[in-house]
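Examining the three-dimensional arrangement
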Amino acid sequence: AMIAVERVERAASEADEQAAIEAIDRDGGVWLGCDVLVPQLYRREAKAALDPLLSIHLDGRRLGIVPHGDTGRALATRLATLADFESHDGRLEIGFDGAPAEPHPAIVLLRRLLAAFDIRCAEFGFYGTLAFDYYRLSQGDAIPDDGRRRLVLVLPARVLLSGEDGARWVDFRFPGLAPQPGDAAAIEPARIERFEDDHPPGGHADAVARGVDLMRRGELCSLVLSQTFRRQVQVDAAAAFARLRRDNPYPAMFFAHLSGGERVFGASPDVQVRADGQWVETAPVCGTFRRGTDPVDDHEQAKALTHSLVDEASLALCADSD
């Protein structure tokens, strides 16, 4: 039998948004938002998933479901019948053998889990993060059995929606589901694999020089270089994210407390893909120019953009990728 879900909507205040981020920092969840308003391009809006009922981790070829609270434990008990799960320290686990499959069997299982709930609305679902090599999930044999965490999702008990037209809460209730008391499930801590920077001092400049040399020889036509700095600091994650939003607002902002001691937050000028029930949009930065000072300047900038072979190639690459 499917799990009945009841959707309840209620009003929210402007103060609820900051309180939501603090609650996520304390109890877990995900905040996704845009802090930039540009007519016909960016909408100032946010969506926060709070009070996780379930957390789902894909570590290497092993997927784990961690229930939170009495309702989470009751949901996990119902969902346990959907696959050959094993029980470990209060969480459900299942391993994948790496046999060829498309898509990855973890994706198939996630779809099966969602289909077990008798509700279809835009707010109900999994919220979370994917590792940079998430593309490996397109093939069942492409993920090595290395234990590396590549997917973290949460199923929230409530969602905060805010935008230009105000804010509102969406709560989810499960009529007929009896709470299941018990001990808190053990959560595997996040593993930090590296503590040093990507390059020693001068290393990034050396990489740029090698790229320029390859371009001169005709062996390379495009190159995007990045580097990661790693520092051990004592900082309040929610306060740091609040400062980032204040000093460097971007179209794509995120804050996630993923359990296991892991918090991730950041900002990006690129909106790679934004989708809802009706539209799929993309707003990449590459292939764009700065706005002009007036409509005539805008027209000249647009003309230069459409006549640029480099920007034409960038736009084509972004469109193909998206």
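The sections below set out a description of the structure shown in this document.

Scoring rules and cut-offs
Residues numbered from 1 in each chain as written. Predicted model: local features only at pLDDT ≥ 70, side-chain atom pairs only at ≥ 80, totals over all residues. Heavy atoms only, no water. Helix = DSSP H or I, 4+ residues; strand = E, 2+ residues; numbered from the N terminus. Contact = heavy atoms within 4.5 Å. Lys, Arg positive; Asp, Glu negative; His and termini not counted. Charge placed at Lys NZ, Arg CZ, Asp CG, Glu CD. Pairing = 2+ DSSP bridges. Expected span 1.5 Å × (residues − 1). Buried < 20%, exposed > 50% of the residue type's maximum accessible area, 1.4 Å probe, protein only. Phe/Tyr/Trp six-rings, centres within 6.5 Å; stacked < 30°, edge-to-face > 60°. Salt bridge = Lys/Arg side-chain N within 4 Å of Asp/Glu carboxyl O. Axes fitted to C-alpha atoms, helices over the stretch in contact; angles between N-to-C directions. Parallel < 35°, antiparallel > 145°, perpendicular 65-115°, else oblique. Left-handed = near helix turned anticlockwise from the far one by under 90°. Nonpolar A, V, L, I, M, F, W, Y, C, P; charged D, E, K, R; others polar. Polar contact = N/O pair within 3.5 Å; in protein donor to acceptor, adjacent residues only side chain to side chain.

**Examining the overall build of the protein**
- In terms of helices and strands, the protein carries 7 helices and 15 strands.
- Seen through its principal axes, the protein has C-alpha atoms that stretch 65 × 45 × 40 Å.
- Restricting the contact set of the protein to residue pairs at least 6 apart, pairs at least 24 apart contribute 65%.
- Computing the positive centroid from 36 side-chain charges and the negative centroid from 51, the protein places the two 1 Å apart.

**Quick word on the pairing of strand β13 (residues 263-268)**
- Taken together, the 6 bridges between strand β12 (residues 252-257) and β13 define a ladder with antiparallel strand orientation. Residue A252 lies in a different strand from β13, and its bridge partner there is S268.
- Adjacent in sequence and paired antiparallel, β12 and β13 are bridged by 5 residues, among which S259 carries a positive phi angle near 70°.

**Notes on helix α1 (residues 15-27)**
- Compared with an ideal rise of 1.5 Å per residue, which puts 13 residues at 18 Å, α1 spans 18 Å between its outermost C-alpha atoms and is within 8% of the ideal.
- The set of residues buried in α1 consists of D16, E17, A20, I21, A23, I24 and D25.
- G28 sits one or two positions beyond α1 and adopts a positive phi of about 105°.

**Some thoughts on the packing of aromatic side chains**
- Applying the stated criterion to the full structure yields 7 aromatic pairs.
- Between F241 and F255, the aromatic rings sit 5.4 Å apart at their centres with planes inclined by 40°, giving tilted as the arrangement. In this pair, F241 sits in helix α5 (residues 237-247) while F255 sits in strand β12, placing the two residues 14 residues apart along the sequence.
- Here F255 falls in the buried class, since its relative accessible area comes to 0%.

**Considerations on the pattern of salt bridges**
- Counted under the stated rule, the structure contains 30 salt bridges.
- Among the ionic pairs, D25 bridges to R263, the shortest N-O distance being 2.6 Å. With a gap of 238 residues between them, D25 in helix α1 and R263 in strand β13 connect regions that are remote in the sequence.
- Looking at D25, the relative accessible area reads 11%, which means it is buried.

**Here we look at the packing of α1 against α5**
- For the pair α1 and α5, the least separation of the axes is 9 Å and the interaxial angle reads 140°. In terms of orientation, α1 and α5 fall into the oblique class. Like other packed secondary-structure pairs, α1 and α5 cross with a definite hand, here right-handed. Here E17, Q18, I21 and D25 of α1 lie close against α5, whose contacting residues are A237, A238, F241 and R245.
- Residue composition of the contact of α1 with α5, by class: 4 nonpolar, 1 polar and 3 charged.

**Some thoughts on helix α6 (residues 295-306)**
- Under the 1.5 Å per step criterion, the end-to-end length of α6 is 16 Å for 12 residues, consistent within 8% with the ideal 16 Å.
- At the N-terminal end of α6, a side-chain oxygen is found 3.1 Å from the backbone nitrogen of V296, two or three residues along, and the residue is D294.

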